Amino acid sequence: MRALVKARPEEGLWMETRPVPEIGPDDVLIRVNKTGICGTDVHIWNWDEWAAKTVPVPLVTGHEFAGEIVEMGRDVEGLELGQRVSGEGHLIGKTSRQSRAGKFHLDPATRGIGVNEQGAFAEYLRLPAFNVVPLPDAVDDEIGAILDPLGNAVHTALSFDLVGEDVLVTGAGPIGIMAAAVARHVGARHVVITDVNPARLALAEQVADVVPVNVAEEDLGDVVARLKMKQGFDVGLEMSGNQRALDQMVESLVMGGRIALLGIPPGKSPVDWSRIVFKAITIKGVYGREIFETWYKMLAMLENGLDVRRVITHRFNAADFEAGFAEMRGGASGKVVLDWR
Ligand code: NAD
Ligand code: ZN
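Throughout what follows, the structure given in this document is the object of discussion. Since the model is a prediction, treat every value here as computed from it, not as a measurement. (Residues numbered from 1 in each chain as written. Chains lettered and ligands numbered in written order. Predicted model: local features only at pLDDT ≥ 70, side-chain atom pairs only at ≥ 80, totals over all residues. Heavy atoms only, no water.)

**Focus on the layout of surface pockets**
Rolled over the atoms, a probe as big as a water molecule pinpoints where empty space is left. Within this model, the largest pocket holds a volume of roughly 1700 Å³. When residues of the lining of the largest pocket are assigned to their parent elements, the largest contribution, 5 residues, is made by helix α1 (residues 39-46). Its residues assigned to classes, the lining of the largest pocket comprises 19 nonpolar, 22 polar and 8 charged. Along the wall of the second largest pocket there are 17 residues; nearest its centre are Pro-21, Glu-117, Gln-118, Gly-119 and Arg-126. (1 Å grid on protein atoms, 1.4 Å probe; cavity = no way out; pocket = protein on both sides within 12 Å on 5 of 7 lines; lining within 4 Å. Points joined across faces, edges and corners; volume = space filled by probe spheres on them. Helix = DSSP H or I, 4+ residues; strand = E, 2+ residues; numbered from the N terminus. Nonpolar A, V, L, I, M, F, W, Y, C, P; charged D, E, K, R; others polar.)

**Looking at the sheet that holds strand β4 (residues 59-60)**
With antiparallel pairing, the 3 strands of this open sheet are ordered in space as β2-β1-β4. Each end of this open sheet is capped by a strand with a single partner; those strands are β2 (14-17) and β4. Where strand β1 (residues 2-6) meets β4, 2 bridges bridge the pair, whose relative direction is antiparallel. Looking across to β4, one finds that Val-5 is bridged to Val-60. (Pairing = 2+ DSSP bridges.)

**Remarks on the sheet that holds strand β15 (residues 253-261)**
A sheet is described by the order of its strands in space; here 6 strands give the open sequence β13-β12-β11-β14-β15-β16, paired in parallel fashion. At either end of the open sheet lies a strand with only one pairing partner, and these are β13 (211-214) and β16 (282-285). Along the sheet, successive strands turn relative to each other by an average axial angle of 20°, direction set aside. Here helix α6 (residues 174-185) sits on the sheet and contacts β11 (167-170), β12 (191-195) and β14 (233-238); the angle it forms with β12, its principal contact strand, is near 170°. (Axes fitted to C-alpha atoms, helices over the stretch in contact; angles between N-to-C directions. Contact = heavy atoms within 4.5 Å.)

**Regarding the environment of Val-70**
With respect to the helices and strands, Val-70 occurs in strand β5 (residues 64-72). The exposure class assigned to Val-70 is partly exposed, which follows from its relative accessible area of 33%. On a C-alpha basis, the gap between Val-70 and Leu-81 in space is 5.5 Å, while along the polypeptide they are 11 residues apart. In contact with Val-70, other than residues within four places in its own chain, are Leu-29, Ile-30, Arg-31, Leu-81 and Tyr-124. (Buried < 20%, exposed > 50% of the residue type's maximum accessible area, 1.4 Å probe, protein only.)

Structure (structure tokens):
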């Protein structure tokens, strides 16, 4: 089969011929139709410090996918050949206290496909049946291929009650934009999204009913006044990984405000803790998706009016992966989807 492989410990990815994976009794084999390129894949392409210490070489990359089941292990139940599926790319352990309590997303032994284990940028993917998520008819394969990042957005946005609340999303990358769309969908009042990249803010406006703010040009305090909020935002969703964005978020939140942090800062970063204490702010770190509650909520919302399709700005044949990665590395695109058929 064709697969996009991190074949050598240096910049780049290479399309290679690999054997179709063999499945065990609890696995399924998925024929991959579409995949999404993630910021993580760009780190792996670039072979930065994180990638070099995390990713074993050689490795089939990629973790955002949709496809159909073409083979099932002996012990697999409840799935069917030909079924359209996506799936959770975090492979969890089953022995930790968290797993045994059903909090699968908090298992400390989690391993990621396309990061630690063979991934989805290939014609075929082996996945434990436990991780498979069947797709309803309303969710086609290209949306199926971006459920992993949409799941990050949904997990973060649903961390706190947003009904009637004023919500600040910092960072209009694909995940921030989708989180803003979710906040709108579940009934937030004002949804403000910030970035310093005008192309990203323009895309946010196309995807969701949001107030875009370029924080390189406009002060968030002015936005709070313009929108006639009493003190500031009720909830902040941090989706940039940028220290200044977090500072601005803390500054513009109400007393007792709540923050969900998804963005990953590049290293240790200073925080003015006294402001967080005196404002009585609650901060929640968010990792991945809640397995499998996020998947349930996300599919239910997609079947009932949540529309994030316009966050997909580029579609390429898998053979043209270099063009897809060039768009991602350019920093102005939304999601880039590769077609493997
Ligand atoms: P992205 O890099 O495409 O988007 C980040 C955006 O933040 C960019 O558009 C950038 O211009 C913007 N930005 C930079 N400085 C800013 C500032 N001062 N104020 C506002 N915006 C600013 O990333 P993405 O793929 O959308 O992912 C969002 C974040 O979530 C990233 O940090 C990523 O590493 C992280 N992430 C975390 C998890 C997790 O499980 N916690 C999973 C996936 C992604
Ligand atoms: Zn991803």
